[in-house]
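Notes for the structure review
Each chain, written out:
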Amino acid sequence: MSWDFSTEPEFQEKLDWMEKFVKEEVWPLEVIDTDLAGFTRLVRPLQEEVKARGLWATHLPPEHGGQGYGQVKLGLMHEIEGSSLFGPTVFGNQAPDSGNSEILALYGTKDQKQKWLRPLLDGEFRSAFSMTEPAPGAGADPTMLRTTARREGDEWVINGHKWFTSNAMIADFLIAMVVTDPDNENQYARASMIIVPKGAPGLNLARNIPNMVSEHEPFGMGHSEVFYENCRVPIDNLLGGEGQGFLIAQMRLGPGRIHHCMRWLGQARRAFDMLCERALQREAFGGPLARKQTVQNWIADSAAEMQAARLMTLHAAWKMDQEGPTAARKEISMIKFFGAKVLHDVIDRAIQVHGSLGFSSDLPLEGMYRAARGARIYDGPDEVHRVTVARQVLKEYTPNEGAWPRDHIPTRREAAQRKFAVQLEAATANL
Ligand SMILES: Cc1cc2nc3c(=O)[nH]c(=O)nc-3n(C[C@H](O)[C@H](O)[C@H](O)COP(=O)(O)OP(=O)(O)OC[C@H]3O[C@@H](n4cnc5c(N)ncnc54)[C@H](O)[C@@H]3O)c2cc1C
């Protein structure tokens, strides 16, 4: 029987190095005021160091320059990277590029890998994933997809309106989910993925949508509104087979959600450390805040909730490594909404312990708090994940026969009396 919560020492050494490296080299980048060229100059040597240590783009299989680490190891790495907005960029794991590189590695042709995956992995390209549409198009319900692509000669002609395509304004290519077979009886076979290069005729990158965190999004990053207006791309830009859009989206979203959850834990941990340090440092009513019972409750609740979210996430990662993303659906949905709540609550308590300082932009907490709000929406809103969990859980149950629940005491008593009738009779006879 194996039931082991330890990390093998060799890998723990890598994690220890990462922890120190992220704190000492990556956190300082957060407070430097610079432009994209300046940032690139600062970040390149750090990326080189990560590559030299074999920790670059570890989400990919070895044949594509990754380490072939499973989701558990990746999860542990993401927890450390996630403590800083720039951590994933330094380690070649930033969303949405990481998910896009995964599906390019899995479904891309030799040519597509050469043209799009290679430069993405080398950090020369940025990418975007274009699925969500404003109402009445696809959002929480992806089967409502309205953007279409039709074949014309040796081109796809795409028409539609997307939004919240993260980083589209700075992307070298977008992967768009579009309807290619609207009449297919199977609604999950109607969509396909198409690679749309920057500058494709008819690709209209309208704007980054102002939002709760836009001022924290540097260098043109953001969540973009995109119009495909008779947008033309070569027929060879189809990713995977025609009608495989949903399948590919599922392959992309499963691991992505685990990585998100572990990054959130990195953020939560950072807020928690700030909470604890401030509780010891700040005095009120004759002693440190750490001695007030309410603050102690916040510390205890946060520690317990983070531990629960961490174990749940690592378990989901383990299940995915063992049985694949479909088998881990329930576990992945469970951590998506649970992890988002833990993230929010821990940051909220950290802000409260810091008082007005926590509310101010002199600390990163207020920015973290606003970013945390998005976690309840992107990659599927909480409610949809709860529905998935409930559906999967209910598959394990059947309704009890008859009118009463299985545990109805009068019914059980009658059954128990019948079961033990002989013994009960003997006991009465002996009186
Ligand atoms: C920061 C951020 C980044 C994003 N990045 C990307 C990206 O890169 N690419 C991309 O394609 N999309 C992206 N998105 C979009 C995201 O995936 C969608 O916002 C999400 O899927 C929900 O769709 P919607 O916003 O259209 O909500 P709607 O579909 O309009 O749903 C609104 C609300 O309805 C409720 N609801 C929906 N279904 C149910 C249900 N079954 N039961 C109960 N309540 C329900 C939920 O409360 C939900 O929040 C991003 C979003 C954010 C906030």
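Computed from a predicted structure; not experimentally measured. (Residues numbered from 1 in each chain as written. Predicted model: local features only at pLDDT ≥ 70, side-chain atom pairs only at ≥ 80, totals over all residues.)

Following both chains from N to C, one finds helix 7 (residues 245–281) and helix 8 (residues 293–323) inclined at 160 degrees, their axes separated by 10 Å at the closest point. By the angle class used here, helix 7 and helix 8 are roughly antiparallel. The element helix 7 and its partner helix 8 pack so that their crossing is left-handed. Taking contact as the criterion, the partners of Gly254, Pro255, Ile258, Cys261, Met262, Leu265, Ala268, Arg269, Phe272, Leu275, Cys276 and Ala279 in helix 7 are, on helix 8, Val295, Trp298, Ile299, Ser302, Met306, Ala309, Arg310, Thr313, Ala316, Ala317 and Met320. Within the contact of helix 7 with helix 8, the residues separate by chemical class into 18 nonpolar, three polar and two charged. (Axes fitted to C-alpha atoms, helices over the stretch in contact; angles between N-to-C directions. Helix = DSSP H or I, 4+ residues; strand = E, 2+ residues; numbered from the N terminus. Parallel < 35°, antiparallel > 145°, perpendicular 65-115°, else oblique. Left-handed = near helix turned anticlockwise from the far one by under 90°. Contact = placed C-beta atoms within 7 Å. Nonpolar A, V, L, I, M, F, W, Y, C, P; charged D, E, K, R; others polar.)

Here we come to the domain arrangement of the protein. Domain assignment breaks the protein into domain 1 (127–239), domain 2 (246–394) and domain 3 (398–431). Averaged C-alpha coordinates put domain 2 and domain 3 at centres separated by 47 Å. (Domains from an automatic or database assignment.)

In a pair of packed helices, the angle between the axes and the distance between the axes together describe the arrangement. In the contact formed by helix 9 (residues 329–354) and helix 11 (residues 365–374), the axes pass within 9 Å of each other and the chain directions differ by 155 degrees. Considering the angle they form, helix 9 stands roughly antiparallel to helix 11. The two elements helix 9 and helix 11 cross, and the hand of that crossing is left-handed. The residues of helix 11 that touch helix 9, namely those facing Leu343, His344, Ile347, Asp348, Ala350, Ile351 and His354, are Leu365, Glu366, Met368, Tyr369 and Ala372. Residue composition of the contact of helix 9 with helix 11, by class: eight nonpolar, two polar and two charged.

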